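Listed here are the chains, written in short residue letters.
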Amino acid sequence: MNTNQQIAIIGGGCAGLSAAATLAEQGYSVTVFEASSQLGGRARTVVVQNNDLMQLLDNGQHIMLGAYHATCALLKKIGVHENNVMRRQSMHIRMQSNSARVRFSLKSMNFLPAPLNLLFGFLFCKGLSLGERIDALKFMRHLRQSHYEIISDRPLIEFLNSHRQSGKLLDYLWEPLCLAALNTPVSKASTRIFLNVLKDSFSGKKGNSDLLIPTVDLSQLLSHPLSNYIRAKGGIIKLNHRIRALEQTNTGFSLETRHEKFNFSHVIVATSPARAGDLLAHIPQLKLVLERTKHFDYQPIYTIYLQYPSDTRLPHAMAGLDNSLAQWVFDRGIIYNQKGLLAVVISAEGKHQKLKQDDLALRVAKELNRAFPHLTKPLWHKVIAEKRATFACTPNLARPGNKTALPNLFLAGDYTYQDYPATIEGAIRSGIKCAELISKSRLN
Ligand SMILES: Cc1cc2nc3c(=O)[nH]c(=O)nc-3n(C[C@H](O)[C@H](O)[C@H](O)COP(=O)(O)OP(=O)(O)OC[C@H]3O[C@@H](n4cnc5c(N)ncnc54)[C@H](O)[C@@H]3O)c2cc1C
């Protein structure tokens, strides 16, 4: 155990927990301060009271990609086997129309090596004309030849239009993918970050484009095993400990909660960008961080849970919905043994925000009924509206990195992993990066 370095981590989401696990493994003394009564941050499971029933629901249906290498490696390190917690399926985007038909289907041809699996997928996909399929293939070829890079960032819609990716290609493929990956509409989304996600998923090993759908709830997937690991390695986790003030001292930093004061040599601030800005506001050297986080815009994610009778099933675990407010529907019975429970996801801003939650649930149930006529009236519903689910991933957004102007103070969090949108993977990579910066600074 390294006794000179006491490391505080403010925030027990994916970023903070991955930093703590990495440092604790190396023998550092870590303490995680989490404001709420549970860990996991945005990727947590919530208990919902429904009549007399207590129901466990994820704070949003999360999915991951085969390209989430840091997440998979971290889970492996802490003893979580992918097969026990996730369903890995090769990429298959299916868009269900309002008239109970599959309108678009793009499937990775997994018997072929990458990139042929996807190129042939595009060639034989359902729902596009031959001309549109050729445009898609030309676009994919251009992306490969340019190494998925662009000279100057701009809104994704402009980039797609300049490559003849409009009409059905936009509606069935690029817009849903952009919303799912960046949680930002194509009209506002950063082309550079979208291409980074495509590059990680569509180039390299063919498993990179796989979808990883959790088969356990988010807390069992992430925060429980991570916190068990941190504690087993001697780390301390303090729940219900909101840090209200952070100050620099002669020997490091002092952290203040409502009732206590603590001293640490190093601090990793692993909160959301808005909270990080508040915490750092009184440290003059960190004005730049404050400036950058102040200019962030946010986008919502709505998850509408609809419970149908327990023998209700969708034809597939996941489907996209065309021409409706609802964007994706997941059958929690197929993926997670919550029989009859469907999770509908609506990413980013839109008309749905104007509806009252009950009206929104009713509207979504009607849309589902048109797409899947066997779905009648749900028994109950629950809408989870995360109004600031992620930062808006817009072109040329100036995002702070992990290092700050103070040598022993670091920033972790999805917003600091500058090449990625707000994702579990970005959060985990940022946490691991902060841990590496601390161990490197010790060696120098
Ligand atoms: C509805 C929804 C759906 C999503 N879907 C996906 C998906 O499908 N795939 C994907 O990869 N990502 C998805 N995301 C994004 C993903 O959840 C986040 O990117 C990731 O969880 C962010 O982790 P983080 O650690 O950076 O931040 P957070 O999860 O926000 O963690 C920050 C933590 O800091 C704590 N904190 C704040 N202030 C203080 C303080 N002063 N003192 C102590 N603690 C404090 C907070 O309570 C919180 O626990 C989704 C997000 C939402 C909301």
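The structure reproduced in this document is the subject of the present report. (Residues numbered from 1 in each chain as written. Predicted model: local features only at pLDDT ≥ 70, side-chain atom pairs only at ≥ 80, totals over all residues.)

Some points on unusual backbone geometry
Although it is not a glycine, Asn-183 adopts a positive phi angle of roughly 50°. With respect to the helices, strands and loops of the structure, Asn-183 is situated in the loop between α7 (167–182) and α8 (191–202). Although it is not a glycine, Ala-348 sits at a positive phi angle of roughly 65°. Using a count of 25 C-beta atoms within 10 Å as the deciding quantity, one classes Ala-348 as buried. (Helix = DSSP H or I, 4+ residues; strand = E, 2+ residues; numbered from the N terminus. Buried ≥ 20, exposed ≤ 12 C-beta atoms within 10 Å, placed from the backbone.)

Topic: α7
An α-helical turn contains 3.6 residues, so a residue and the one three or four places further along point in the same direction. The largest bend along α7 reaches roughly 35° and is located at Trp-174, with the proline Pro-176 sitting one to four residues downstream. Directly after α7, the chain includes Asn-183, whose backbone phi takes a positive value near 50°. (Bend = angle between axes of the 7 residues up to and from the residue.)

Quick notes on the packing of α7 against α8
With their axes 11 Å apart at the nearest point, α7 and α8 run at an angle of 90° to one another. Classified by the angle between their axes, α7 and α8 sit roughly perpendicular to one another. In this structure, α7 uses Cys-178, Ala-181 and Leu-182 to contact α8, whose residues at the interface are Ile-193, Phe-194 and Val-197. The residue inventory of the contact of α7 with α8, partitioned by class, reads 6 nonpolar, no polar and no charged. (Axes fitted to C-alpha atoms, helices over the stretch in contact; angles between N-to-C directions. Parallel < 35°, antiparallel > 145°, perpendicular 65-115°, else oblique. Contact = placed C-beta atoms within 7 Å. Nonpolar A, V, L, I, M, F, W, Y, C, P; charged D, E, K, R; others polar.)

Some details on the site of the ligand
If you check the shell around the ligand, you find 38 residues, and the closest are Gly-11, Gly-13, Gly-41, Gly-60 and Thr-423. For the shell around the ligand, a count of residues per class yields 16 nonpolar, 15 polar and 7 charged. No fewer than three residues from each of domain 1 (2–44 + 217–296 + 394–443) and domain 3 (298–391) sit in the shell around the ligand. (Near = placed C-beta within 6 Å. Domains from an automatic or database assignment.)

Considering the packing of helix α10 (residues 273–280) against helix α11 (residues 287–294)
It is the contact of α10 with α11, at a shortest axis distance of 9 Å, that shows an interaxial angle of 145°. Crossing of α10 over α11 shows left-handed handedness. Along the contact surface, α10 presents Pro-273, Ala-274, Ala-276, Gly-277 and Leu-280, while α11 presents Val-289, Leu-290, Thr-293 and Lys-294. In terms of residue class, the contact of α10 with α11 is built from 6 nonpolar, 2 polar and 1 charged. (Left-handed = near helix turned anticlockwise from the far one by under 90°.)

What about the sheet that holds strand β9 (residues 211–214)?
An order of β5-β9-β6 is seen for the 3 strands of this open sheet, with the pairing classed as antiparallel. This sheet does not close on itself; its edge strands, each paired only once, are β5 (64–65) and β6 (86–89). Bridge count for β5 against β9 is 2 bridges, and the pairing is antiparallel. Each residue of the ladder has a partner; that of Met-64, found in β9, is Leu-212. (Pairing = 2+ DSSP bridges.)

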